[in-house]
Protein chains: 2
Amino acid sequence: MAGRVTIATVAHHARVSRQTVSNVINAPQLVRPETRERVRAAIEVLGYRVSQAARQMRTGRSRLIAVRIGPAGDGINGSVLDRFLHGLTEAAAPAGYRVVLYTATGDDAEIAAYEELLGAHDLDGFVLTGTHPGDARTDWLARRGVPFVTFGRNWEAQPEPVFGGGEHSPTQHSKAQPEPAFGGGEHSPTLNREAQPEAVLGGGEHPWVDVDGAWGTRAATERLLAAGHRRVGFIGWPPGSAVGEDRREGWAAALRAAGVDLSGLERRVDDRVAEGERAAVDLLGTVDLLGTAGPSALVCASDSLALGALRAATAHGTAPGGIASPRIAVIGFDDTPVAQAVGLTSVSQPLTEAAAGCVALLIRLLDGGDHDGDLDREGEGEGDSGGRRHLLLRPRLVVRDSG
Amino acid sequence: MAGRVTIATVAHHARVSRQTVSNVINAPQLVRPETRERVRAAIEVLGYRVSQAARQMRTGRSRLIAVRIGPAGDGINGSVLDRFLHGLTEAAAPAGYRVVLYTATGDDAEIAAYEELLGAHDLDGFVLTGTHPGDARTDWLARRGVPFVTFGRNWEAQPEPVFGGGEHSPTQHSKAQPEPAFGGGEHSPTLNREAQPEAVLGGGEHPWVDVDGAWGTRAATERLLAAGHRRVGFIGWPPGSAVGEDRREGWAAALRAAGVDLSGLERRVDDRVAEGERAAVDLLGTVDLLGTAGPSALVCASDSLALGALRAATAHGTAPGGIASPRIAVIGFDDTPVAQAVGLTSVSQPLTEAAAGCVALLIRLLDGGDHDGDLDREGEGEGDSGGRRHLLLRPRLVVRDSG
DNA sequence: ATCCGGTACTTGAACGATCCAATCGTGCCT
DNA sequence: AGGCACGATTGGATCGTTCAAGTACCGGAT
């Protein structure tokens, strides 16, 4: 009550002015080492913490970034989301940023939420998930000059698929340490913020992080091919979903590369277990006019579909009359707890790295706004997102019993 | 840039003083309706939003509440957590509060996080999850006089099991609308905050919200008994977990009430699918000295265990030699996506209501601090958390194929 | 001796809201 | 008419920080 520790308290204790204390915190290089240490000691002794509110009022920056948390199953869903959120929170903390949540149903409501968050709380930036073609949110934010990053690539601008890592081999660095850079100083030095955010977002494309779904389904398909399967089927979502098309494409590419004819190997259904089961039964029972049998393995666009397929496969394998026919392999997507529970092989998204990538890109926009010069240095081993505005991460195939 | 809309802008536009505008926002009853409307119109026209930073600096209140998001599977996990988070965010918004996330591994690290959050961001309150006996966090917060609510009852003080709803019958209101109260005014009227938080937490017990696990397992067990099963087994966690003991107790109580002997019907294992399967195989194969067969149905402390049990049950049901023995029923706990996917009957926690309850209790601490008088009125049909400091919610049994 | 550039630090003035005490009607009662 | 109470409104001070400008000092070139 009586003794809130302010910057003035510290200043008095260290026998310097307030501004010098401020400099020790925000621009240490301006202060003589001797003085600096004296001030730091005072801060330590008194247990001083800068008041974010006061700082924010002066600078207009809140050091808060916002993420939407949908009701459920929107874009990235279920337990996928909370791993992502955890990754965000953990990556943001060392840079002095915190994550606040907001909800909204539909793009319009979300834009209203932006108004509120920006107006009242001076939010510094946004992380969007579940982007889709024709997304009103990205346009709105870009037009307003609000810094943001999307988890999910920009589906508008198709070209320029930039890869995060180096080589294209199936071996992958499991832990890529996306941003070892920002551990250094406590805060970035004071900069003359000229408030020209539209310059930051120049170039027409916003920064994004995404997981290469096609690579995942391709890896899954190739694994099945390598195991001797030829006719590898695919159960995906109805056309129209960009993510869905991406995942399908990986499967198709792998089969084309192996010279397998795709016809009759594919079903497109809604993302539910029962639908997946029906589609699988349908596919597995197929015998075309030439007597070619149905697929002997299935790649699915989600774990839900895969779970359905797995049921159908089990039934199919034992049904004929006692003699177990060769087992139908199934591979899912997202490595949800369901997959872990039932032993389903699945493509796992590197969510922690994706989250760290989002934070790194966003913080670059926020703290390093106008350092265009710095972007010139190329891949000095600094970490994945070296000077990039986009980051396409490779998923990982988690192999279990099912394929 | 040039024209940020401040309270002075609005005042000028509406031809009143700043204070009047402030009163319209914070204590509308002090302002003549005519003036009030004029000011509101000006706010609307100009798109004015109060600057939280400025308000916070003056009042010391940030209108931010914090929730920890653990790495995974800690206390409440997976998709359970993000439903809870969504509920919190949604319930907090109409009262003008926002949810910020933080991470910490272990109680000590979490306490360090409190220091930081309180010192720098002036956080108003905390929602803790996964409380356990001897929790250092609650002590620390209580000693500091920081408002907080736990999701998870206070395991220290065993007595006083207060029920949220009314009657104790198995029928339940599916949607209980936990807090229809706070939709009214935009903000609470200005109060003389005397900053005596220790008074708020007087009485030795902190507010909490919890789900009545025993009620859930009891309902599950009773359902199985009603379906004709007599020997209903239980697969739970090793002794030591308060939540685990609670869930076990519901099963035990139901069997005792039905006059069934519990011996040999129970296994206690770690919370993994394989362990659940092993335990179920073990239980189902049991034939004791008197020739009594093993259980014909299983209640489990989690969906993981139940999934294992379900596998064992399927195998058990078909193994003997062709003739399918009567199906073994299995019921899980938490209604995770896994349960939904495999058709497992499971006890579902009312997470949205729990979250709303947490927010309601916390906001009562924050906004209504010293209204001790108000607590006297008893259950006036105000909604669940009428004047209560504790809220024990009933779970719901979601019936699917498995039992 | 004067001027200069730079470093190290200090001082006054904002940021935008709320709180406090004082003021200004306005109606009502005696 | 005067006094009083009450409701509505006002100006000034304040929260803790950063920004912009200013002071003091020192070594070296003019």
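Residues numbered from 1 in each chain as written. Chains lettered and ligands numbered in written order. Predicted model: local features only at pLDDT ≥ 70, side-chain atom pairs only at ≥ 80, totals over all residues. Heavy atoms only, no water.

Peer 1: I tried to follow the nonpolar core on my own but got confused; where do I start?
Peer 2: Nonpolar side chains tend toward joint burial in soluble globular proteins. Membership of the largest hydrophobic core comes to 84 residues, with the highest contact counts inside it found for Ile235(A), Trp251(A), Val330(A), Ile235(B), Trp251(B) and Val330(B). Filtering out sequence-adjacent residues up to four positions away, Val330(B) remains in contact with Leu298(B), Cys300(B), Ala306(B), Ala309(B), Leu310(B), Ala313(B), Leu344(B), Thr345(B), Ser402(B) and Gly403(B). Formed by 64 residues, the second largest nonpolar core is a distinct cluster that contains Ala91(A), Ala92(A), Ala355(B) and Leu366(B). (Core = buried A, V, L, I, M, F, W, Y, C linked by side-chain atoms within 4.5 Å. Buried < 20%, exposed > 50% of the residue type's maximum accessible area, 1.4 Å probe, protein only. Contact = heavy atoms within 4.5 Å.)

Peer 1: Would you explain the packing of helix 1 (residues 7-14) of chain B against helix 2 (residues 18-26) of chain B in this entry?
Peer 2: Between two packed helices, the angle of one axis relative to the other and the distance separating the axes together describe the packing. Residues and elements named next belong to chain B. Their axes nearest at 8 Å, the elements helix 1 and helix 2 cross at an angle of 100°. On the basis of the axis angle, helix 1 is roughly perpendicular to helix 2. Contacts from Ile-7, Ala-8, Val-10 and Ala-11 of helix 1 reach helix 2 at Arg-18, Val-21 and Ser-22. Within the contact of helix 1 with helix 2, the residues separate by chemical class into five nonpolar, one polar and one charged. (Axes fitted to C-alpha atoms, helices over the stretch in contact; angles between N-to-C directions. Helix = DSSP H or I, 4+ residues; strand = E, 2+ residues; numbered from the N terminus. Parallel < 35°, antiparallel > 145°, perpendicular 65-115°, else oblique. Nonpolar A, V, L, I, M, F, W, Y, C, P; charged D, E, K, R; others polar.)

Peer 1: Would you mind going over the protein's contact with DNA strand C with me for this structure?
Peer 2: Close contacts around DNA strand C come from 27 residues, with Ser17(A), Thr20(A), Thr35(A), Ile7(B) and Asn26(B) the closest. Here DNA strand C approaches the protein such that, of its atoms within 4 Å, sugar and phosphate make up 56%. Within the backbone of Ile7(B), a nitrogen or oxygen atom sits 2.3 Å from a phosphate oxygen of DNA strand C. Mapped onto the surface near DNA strand C, the elements with two or more residues apiece are helix 2 (18-26) and helix 4 (52-59) of chain A together with helix 2 and helix 4 (52-59) of chain B. The leading source of residues in the surface near DNA strand C is helix 4 of chain B, at five residues. (Near = heavy atom within 4 Å. Polar contact = N/O pair within 3.5 Å; in protein donor to acceptor, adjacent residues only side chain to side chain.)

Peer 1: Explanation requested: the sheet that holds strand 1 (residues 64-68) of chain A in the structure shown.
Peer 2: Paired through backbone hydrogen bonds, the strands of a sheet run either parallel or antiparallel to each other. Pairing is mixed across the open sheet formed by 12 strands, whose spatial order is 11(A)-5(A)-4(A)-3(A)-1(A)-2(A)-2(B)-1(B)-3(B)-4(B)-5(B)-11(B). Every other strand in the sheet has two partners, leaving strand 11 (390-393) of chain A together with strand 11 (390-393) of chain B as the edge strands with one partner each. For this sheet, the mean inter-axis angle between neighbouring strands, taken without regard to orientation, is 20°. Relative to strand 4 (residues 148-151) of chain B, strand 3 (residues 125-129) of chain B runs parallel, the two sharing four bridges. Residue Thr129(B) lies in a different strand from strand 4 of chain B, and its bridge partner there is Phe151(B). (Pairing = 2+ DSSP bridges.)

Peer 1: Mind showing me how you'd approach the protein's contact with DNA strand D here?
Peer 2: Near DNA strand D you find 28 residues, and of these Ile7(A), Gln19(A), Tyr48(A), Arg58(A) and Ser17(B) are the closest. In DNA strand D, the atoms that sit within 4 Å of the protein are 59% sugar and phosphate, with bases accounting for the remainder. Asn26(A) has a polar side-chain atom sitting 2.8 Å from a phosphate oxygen of DNA strand D. For the surface near DNA strand D, the elements supplying multiple residues, two or more each, are helix 2 and helix 4 of chain A together with helix 2 and helix 4 of chain B. In terms of residue count, the dominant contributor to the surface near DNA strand D is helix 4 of chain A (five residues). Grouping the constituent residues of the surface near DNA strand D by class yields nine nonpolar, 12 polar and seven charged.

Peer 1: Just checking my understanding: could you explain the relation of the copies chain A and chain B for this structure?
Peer 2: For the pair of chain copies, the relating operation is a rotation around an axis with a shift along it. Once chain A has been moved 0.1 Å along the axis and rotated by 180°, it coincides with chain B to within an RMSD of 0.3 Å. Taken together, the turn and the small shift mark the pair as related by a two-fold rotation axis. When the interface residues of chain A are mapped onto chain B, 100% of them again fall at the interface, so both copies present the same face. (Least-squares fit on C-alpha atoms with pLDDT ≥ 70 in both.)

Peer 1: Which parts of the structure should I look at to understand the confidence of the model for chain A?
Peer 2: For residues with low pLDDT, the predicted coordinates do not support detailed interpretation. Residue and element names in this part refer to chain A. Across chain A, the average pLDDT comes to 80, with 76% of residues at or above 70. A low-confidence stretch, residues 159-203 stays under pLDDT 50, and its non-local contacts, those more than four residues away or across chains, total 64 contacts. Across residues 319-324, confidence stays below pLDDT 50; counting only partners more than four residues off in sequence or on other chains, it has three contacts. (pLDDT = per-residue confidence, 0-100.)

Peer 1: How should I be thinking about the pairing of strand 3 of chain B in this particular structure?
Peer 2: Regular strands have side chains that alternate between both faces of the sheet. Residue and element names in this part refer to chain B. A large share of strand 3 lies buried, amounting to five of its five residues. Of the two faces of strand 3, the one holding Gly-125, Val-127 and Thr-129 and the one holding Phe-126 and Leu-128 are both buried throughout. As paired strands, strand 1 (residues 64-68) and strand 3 are joined by three bridges and run parallel to one another. By the bridge assignment, Ile-65 is partnered in strand 3 with Gly-125. Taken together, strand 3, helix 7 (residues 136-144) and strand 4 constitute a β-α-β crossover, and its handedness is right-handed. (Right-handed = clockwise from strand over helix to strand, strands pointing away.)

Peer 1: Teacher, can you tell me more about the pattern of salt bridges here?
Peer 2: Working definition: two side chains of opposite charge can pair if their charged atoms are close together. Residue and element names in this part refer to chain A. Scanning the model with the defined rule gives 45 salt bridges over all chains in all. Between Asp-367 and Arg-61 there is a salt bridge, with its nearest N and O atoms 3.6 Å apart. Residue Asp-367 is found in helix 14 (residues 351-367), and its partner Arg-61 is found in the loop between helix 4 and strand 1; the two are separated by 306 residues along the sequence. Shared partners join several salt bridges into a network, and the residues in it are Arg-68, Asp-107, Glu-110, Asp-135 and Arg-137. (Salt bridge = Lys/Arg side-chain N within 4 Å of Asp/Glu carboxyl O.)

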